[in-house]
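Spelled out, the chains give:
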Amino acid sequence: FCQINLSSINYIILYTVFTSCEKEELPIQPHSVGDIISQQIDLNQDYRYQVFYDLSSNTISSTNLKTDWDLGFESSAEGYHIKLNSSTYSSLSFLDNINFNDTLTIDNLSWFWDNPNGSLDSTAFGDFRLLERVYIIDRGFNISGNKRGYKKMIIDSVTANYYLISYANLDNTDSFTFKLDKDPNVNFTSFSFKENEVVNFEPNKLDWDLLFSQYTHLYNDTTTPSYLVTGVLNNNNVTIAIDTTYAFEEINYDYISSFIFDDNQNSIGFNWKEYDLISGEYTVFTNINYIIRDNELRYYKLHFLDFYNDLGVKGYPKFEIQEL
């Protein structure tokens, strides 16, 4: 179970997670194992931060407030996908056959979310390139749990080098057209409606492996009721295997071929802890081992130890990690 901290979302949902898996080949030869390292991540007790972490250097690549951005634009030359800010519970609706300058309301709209597995074929925006739609973006909640408001937007064009978008409030106030240049060094170029500009917080795509953050969890598709969770998402090309059979200390490089890896972005996710409604506390499952192949094709094992800091404050996931 997971506790919801937003005042407007006060229910607990049972869930089933389905993942697609595949066997991985071993790309490197065995080598000297690393030391077991302990690390703790500061998300704050209200989960305000997003923390990018690099395995090979055991360092935090960058930290930002989860409310610093609204949309992420795929930054490769051929990229066109747009993602919502899952950490604020943002969602998306759309209307066809209307004029962008029409005054809109949110009455009777259907809402959609990005699939948390990270599949670009499962974004709420989808493939918009041949469509003439006005998109309505629910910007979700701020750190205090208050609504951030709505924007309407159209995508005027997308090229190998930039996106051109137009957006406004639903009543046509604060109307802007913005050219957003792609940054090929990152997976997504992030944009803020509040700042009316690109916000550069995502590290170089080769400089991080794991993102500690809140994100929106779904059932099996982007139309099922969803809720905010606190957990871990992995970078593109990072693959994860999950093991509960062996002790953490027992796992070494020779075990790798027996594990099944997948590349779902939420493979680690939030299931390494559980919230007890009676005690009001989290319990961490230290017996769950995550075997990770990073961007440099090196293997690590990781397990969580705690969700509290030394003062007993939640929002500080602690884990042990070792290179195999």
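For the structure, see preceding data.
Worth saying up front: this structure is predicted, and the values here are computed from it rather than measured.

Visitor: Even after reading the chapter, I still don't get the sheet that holds strand E19 (residues 299-308), so can you show me in this structure?
Guide: Each strand in a sheet pairs with another by means of backbone hydrogen bonds, the pair being arranged parallel or else antiparallel. The 5 strands are arranged E1-E20-E19-E18-E15 in an open sheet whose pairing can be described as antiparallel. Of all strands in the sheet, those bounded by a partner on one side alone are strand E1 (37-40) and strand E15 (239-243). Across this sheet, the average inter-strand angle for adjacent strands is 30°, counted without regard to direction. Pairing of E15 with strand E18 (residues 289-293) involves 5 bridges; the strand directions are antiparallel. Within E18, the position partnered with Ile240 by the bridge is Ile292.

Visitor: Help me understand the nonpolar core in this model?
Guide: Nonpolar side chains in soluble globular proteins tend to end up buried together. With 26 residues, the main nonpolar core has Leu210, Phe212, Ile268, Tyr290, Ile292 and Phe304 as its most contacted residues. Those elements giving two or more residues to this core turn out to be strand E2 (49-54), strand E13 (210-217), strand E17 (281-284), E18, E19 and strand E20 (314-323). When residues in this core are grouped by element, the largest group, 5 residues, is from E19. Sequence-distant contacts of Phe304, defined by excluding residues within four places in its chain, comprise Phe212, Val232, Ile268, Trp272, Val284, Phe285, Thr286, Tyr290, Pro317, Lys318 and Phe319. Among the nonpolar cores identified, the runner-up in size contains 20 residues, and Leu71, Phe73, Ala124 and Met153 belong to it.

Visitor: How should I be thinking about the environment of Ser213 in this particular structure?
Guide: Summarising the element assignment, Ser213 is placed in strand E13. Each residue touching Ser213, except ones within four places of it in the same chain, is listed here: Leu43, Tyr49, Gln50, Ser87, Val229, Thr230 and Gly231. Within polar-contact distance, the side chain of Ser213 engages the side chain of Gln50 at 3.0 Å.

Visitor: How do you make sense of the packing of aromatic side chains when you look at a structure like this?
Guide: For any pair of aromatic rings, geometry is given as the distance between the ring centres together with the angle between the planes. As enumerated under the stated definition, the model contains 32 aromatic pairs in all. Taking 5.8 Å as the distance between ring centres and 40° as the angle between the ring planes, the aromatic pair formed by Trp69 and Phe201 counts as tilted. Taken as a pair, Trp69 in the loop between strand E3 (59-65) and strand E4 (71-74) and Phe201 in the loop between strand E12 (197-198) and E13 lie far apart in primary sequence, 132 residues in all. Exposure class is identical for Trp69 and Phe201. Each is buried. Consider the rings of Tyr89 and Phe141, whose centres lie 6.2 Å apart with planes at 45°: the pair is tilted. Here Phe141 lies in the loop between strand E7 (133-138) and strand E8 (150-158) and Tyr89 lies in the loop between strand E5 (82-84) and strand E6 (91-96), a separation of 52 residues in the sequence. Side by side, Tyr89 and Phe141 carry an identical accessibility label, which is buried. Taken together, the ring pairs in this structure connect Tyr47, Tyr53, Phe212, Trp272, Tyr275, Tyr282, Tyr290, Phe304, Phe307, Tyr308 and Phe319 into an aromatic cluster.

About the thresholds
- Residues numbered from 1 in each chain as written.
- Predicted model: local features only at pLDDT ≥ 70, side-chain atom pairs only at ≥ 80, totals over all residues.
- Heavy atoms only, no water.
- Pairing = 2+ DSSP bridges.
- Helix = DSSP H or I, 4+ residues; strand = E, 2+ residues; numbered from the N terminus.
- Axes fitted to C-alpha atoms, helices over the stretch in contact; angles between N-to-C directions.
- Core = buried A, V, L, I, M, F, W, Y, C linked by side-chain atoms within 4.5 Å.
- Buried < 20%, exposed > 50% of the residue type's maximum accessible area, 1.4 Å probe, protein only.
- Contact = heavy atoms within 4.5 Å.
- Polar contact = N/O pair within 3.5 Å; in protein donor to acceptor, adjacent residues only side chain to side chain.
- Phe/Tyr/Trp six-rings, centres within 6.5 Å; stacked < 30°, edge-to-face > 60°.

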